[in-house]
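Fold and contact review
Letter by letter, the chains look like this.
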Amino acid sequence: MTSIAVIGCGYVGAVSAACFAELGHTVHCIDTDPSRVALLQQGSSPIHEPGLEELLQRGIEAGRLTFAATYPDVFDARIVFIAVNTPEAQEGAADIRAVRDAVSTVAARLRTGSIIVNKSTVPIGTGDLVAGMAERAGCRSIAVVSNPEFLREGSAIRDFMEPDRVVLGSDDRDAMDRVAALYAPLNPVVQRVDIRTAEMIKYASNAFLATKISFINEIASICETLGADVEEVARGMGMDTRIGGQFLKAGLGWGGSCFPKDVKALAHMAAVHGAHPQLLRSVMDINHDQRLRAVQKVRQALGDLEGRHVTVLGAAFKANTDDLRNSPAIELANLLHLEGAHVTVVDPVVPAARLLALAPHATFALDAVEAAAGADAVVLATDWPEFRALPWHAIAAHMERALLVDTRNYLDPATMRAAGFEYRCMGRPGAEGAAASELIEA
Ligand code: UDX
Ligand code: UDX
């Protein structure tokens, strides 16, 4: 088993470190945020990720997982993963300052023959830049490998442990073999390519998944106009193995820490180098419009939203995470506020303070039943399983107007109508409150 280091203990770094420790490797983690390190040292996860705390605690107890807020003078580990954040900068470019900082600090502390493995999503060409930085720092015989991550928040541990593929990019075959060996217990398919191609695989994968979602959202609005059911359309399409059924769920559009910044960064890179990324631009436009379409559904039912009380169910960008970065639910809450509504947001795991920092005019609530009492509308914005199990009859009975806008097509229309709701959704018959047959006749 191998000794490795992981720089950056966020969503990707913490999960990767805990999983590598679970595979039997010794993992030394460094994060510049001391409060995050203090939590991790106790086996507490700074993020809501199912199963992560168990792995952290097992790794720590076995002596295979350690955390520090400062860099060692010299790295014992010969393989160092960079997993710091690469947020959106101006004009949509990726901000790689944290990668530069980490690499410049790491490079001066590496032994000859070490490998820098980049897990952060970085613009194409960053691997070469990292190699140049290491060389300028005086490193001898250092290899740089790109090893993009494909972890979904909420199922990150399963995604790590059961990868569809492990992508490795480098011009150093021996270095790629040494990194591939870390994953050997998982027996994965390993694709070895050059470093730029590996960096591009990550962007192209995320952009394609975002395209699939925007495609089905466009189909949803066409279904709505023509009286077809987008859920069945997606099911029928997905059974064709050439298309595949995943990422065809129509709804509020994609959000989170990756798709928005990665699609933008890819479009930005293309444009800067003279290409014309028109498909990517449409994919982003459609996504933006989905939020507006959801607000429009509330407005269509209630008329003017000034002074109306609207309860938004969900703050996170999807279920099983407490991540609020680019959350469509937050955008929706803020748009409703802009139209004059009093907005209350309910989320089972997101702390009130973090929500209020992003939606300062909203009220935070934990109890959906209480939050919806007297409301003019409930809008389901995150597909938390908890929301399916709510006492919907009681909620409908205590609302001022029992309007339910299900922006994720998550609830069963017949059950919700039977519970007393005026139920609206995205791209299914009755989405606008009219039956499909009426739409067709019209
Ligand atoms: C990761 C990536 O690596 C990003 O490129 C990818 O697109 C998405 O996943 P993520 O894990 O979501 O980012 O980032 P975040 O949760 O913000 O964590 C980054 C961690 O790095 C933080 O704990 C931060 O304190 C730490 N960090 C940041 C350092 O340790 N050093 C730095 O110089 C900067
Ligand atoms: C994504 C990628 O899937 C992962 O491979 C990458 O490494 C990081 O970015 P993540 O952001 O955690 O993962 O979430 P994901 O499950 O991909 O969902 C992204 C967004 O798309 C969410 O807002 C989700 O609600 C939305 N979505 C997803 C849909 O609207 N419809 C779908 O069919 C699937």
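Residues numbered from 1 in each chain as written. Chains lettered and ligands numbered in written order. Predicted model: local features only at pLDDT ≥ 70, side-chain atom pairs only at ≥ 80, totals over all residues. Heavy atoms only, no water.

Turning next to the overall build of the protein chain. In terms of regular secondary structure, the protein chain is built from 18 helices and 14 strands. Taking 442 residues into account, the globule formula puts the C-alpha radius of gyration at 22 Å, and the protein chain, at 24 Å, falls close to it. The principal-axis extents of the C-alpha atoms in the protein chain amount to approximately 70 × 45 × 40 Å. Counting all 442 residues of the protein chain, 54% fall into the buried class. Expressed as a percentage of contacts within the protein chain between residues at least 6 apart in sequence, the contacts between residues at least 24 apart total 71%. Total accessible area on the protein chain is roughly 18,900 Å²; 52% of this is exposed by carbon and sulfur atoms. For the protein chain, the separation between the mean place of its 40 positive charges and that of its 54 negative charges on side chains is 5 Å. (Helix = DSSP H or I, 4+ residues; strand = E, 2+ residues; numbered from the N terminus. Rg over C-alpha atoms; globule rule 2.2 N^0.38 Å. Buried < 20%, exposed > 50% of the residue type's maximum accessible area, 1.4 Å probe, protein only. Contact = heavy atoms within 4.5 Å. Areas by Shrake-Rupley, 256 points an atom, 1.4 Å probe, with all protein chains shown as cover. Lys, Arg positive; Asp, Glu negative; His and termini not counted. Charge placed at Lys NZ, Arg CZ, Asp CG, Glu CD.)

Looking at ligand 1, there are 20 residues lining it, with Asp31, Val84, Thr86, Thr121 and Lys261 nearest. Ser120 places a polar side-chain atom, nitrogen or oxygen, 3.2 Å from an oxygen atom of ligand 1. One nitrogen or oxygen atom from the side chain of Arg325 is found 3.2 Å from an oxygen atom belonging to ligand 1. Protein chains bury 88% of the 700 Å² of accessible surface belonging to ligand 1 in isolation. For the shell around ligand 1, the class distribution of residues is seven nonpolar, seven polar and six charged. Per-domain counts for the shell around ligand 1 show at least three residues from each of domain 1 (3-193) and domain 2 (208-432). (Near = heavy atom within 4 Å. Polar contact = N/O pair within 3.5 Å; in protein donor to acceptor, adjacent residues only side chain to side chain. Nonpolar A, V, L, I, M, F, W, Y, C, P; charged D, E, K, R; others polar. Domains from an automatic or database assignment.)

Helix-helix packing is characterised by the crossing angle of the two axes and by the distance between the axes. One way to put it is that helix H8 (residues 195-226) packs onto helix H9 (residues 230-238) with a least axis distance of 9 Å and a crossing angle of 135°. With respect to their mutual orientation, H8 and H9 come out oblique. Seen along the crossing, H8 lies across H9 with a hand that is right-handed. Listed contacts from H9 to Phe215, Ile216, Ile219, Ala220 and Cys223 of H8 are Val230, Val233, Ala234 and Met237. (Axes fitted to C-alpha atoms, helices over the stretch in contact; angles between N-to-C directions. Parallel < 35°, antiparallel > 145°, perpendicular 65-115°, else oblique. Left-handed = near helix turned anticlockwise from the far one by under 90°.)

Every one of the 19 residues lining ligand 2 counts as a neighbour, but Glu153, Lys249, Gly255, Lys318 and Arg408 are closest to it. A distance of 3.3 Å separates an oxygen atom of ligand 2 from a polar atom in the backbone of Leu151. The side chain of Lys202 places a nitrogen or oxygen atom 3.3 Å from an oxygen atom of ligand 2. Starting from 670 Å² of accessible surface for ligand 2 in isolation, the protein chains cover 92%. At three residues, the largest contribution of residues to the shell around ligand 2 is made by H8. Among the residues forming the shell around ligand 2, the class breakdown is nine nonpolar, three polar and seven charged. When residues of the shell around ligand 2 are assigned to domains, at least three fall in each of domain 1 (3-193) and domain 2 (208-432).

Moving on: the pairing of strand S6 (residues 143-146). Burial along S6 is two-sided: the residues Ala143 and Val145 and Val144 and Ser146 are all buried. Of the strand pairs in this sheet, strand S5 (residues 115-118) and S6 are connected by four bridges, and their pairing is parallel. Note that in S6 the partner of Val117 across the bridge is Val145. Once you follow S5 into helix H5 (residues 126-136) and on to S6, the crossover reads as right-handed. (Pairing = 2+ DSSP bridges. Right-handed = clockwise from strand over helix to strand, strands pointing away.)

A word on the sheet that holds strand S11 (residues 363-365). The strand order across the open sheet built from six strands is S11-S10-S9-S12-S13-S14, with neighbouring strands paired in parallel fashion. For this open sheet the edge positions go to S11 and strand S14 (422-424), each flanked by a neighbour on one side alone. Put simply, the sheet's adjacent strands are angled 20° from each other on average, direction ignored. With three bridges connecting them, strand S12 (residues 377-380) and strand S13 (residues 403-406) associate as parallel partners. Within S13, the residue paired with Val378 across the bridge is Leu404.

Across all of its chains, the model carries eight aromatic pairs by this definition. Their ring planes at 90° and their centres at 5.1 Å tell us that Phe20 and Phe160 sit as a pair that is edge-to-face. Of the two residues, Phe20 sits in helix H1 (residues 11-22) while Phe160 sits in helix H6 (residues 156-161), which places them 140 residues apart along the sequence. Accessibility classification places Phe20 together with Phe160 in one group, the buried group. Through a chain of ring-to-ring contacts, the aromatic side chains of Phe20, Phe81, Phe160 and Tyr183 assemble into a single cluster. In this structure, Arg165 is placed above the aromatic ring of Phe150, and the distance from its NZ or CZ to the ring centre is 3.6 Å. (Phe/Tyr/Trp six-rings, centres within 6.5 Å; stacked < 30°, edge-to-face > 60°. Lys NZ or Arg CZ within 6 Å of the ring centre and 35° of its normal.)

So, about the pairing of strand S8 (residues 190-193). In this structure, strand S7 (residues 166-169) lies alongside S8, joined through four bridges in parallel fashion. Paired with Val167 across the strands is Gln191, a residue of S8. For the handedness criterion, the β-α-β arrangement of S7, helix H7 (residues 173-182) and S8 is classed as right-handed.

Attention now moves to the domain arrangement of the protein chain. Looking at the assigned domains, one finds that the protein chain contains domain 1 (3-193) and domain 2 (208-432). A straight line from the C-alpha centre of domain 1 to that of domain 2 covers 33 Å. If you look at the interface, domain 1 gives 17 residues, while domain 2 gives 18 residues. With both sides pooled, the region where domain 1 packs onto domain 2 buries about 1,400 Å², and carbon together with sulfur makes up 52% of that total. Here domain 1 is connected to domain 2 by two salt bridges. With a shortest N-O distance of 2.7 Å, Lys264 and Glu88 are connected by a salt bridge. (Buried area = accessible area lost by both parts, 1.4 Å probe. Salt bridge = Lys/Arg side-chain N within 4 Å of Asp/Glu carboxyl O.)

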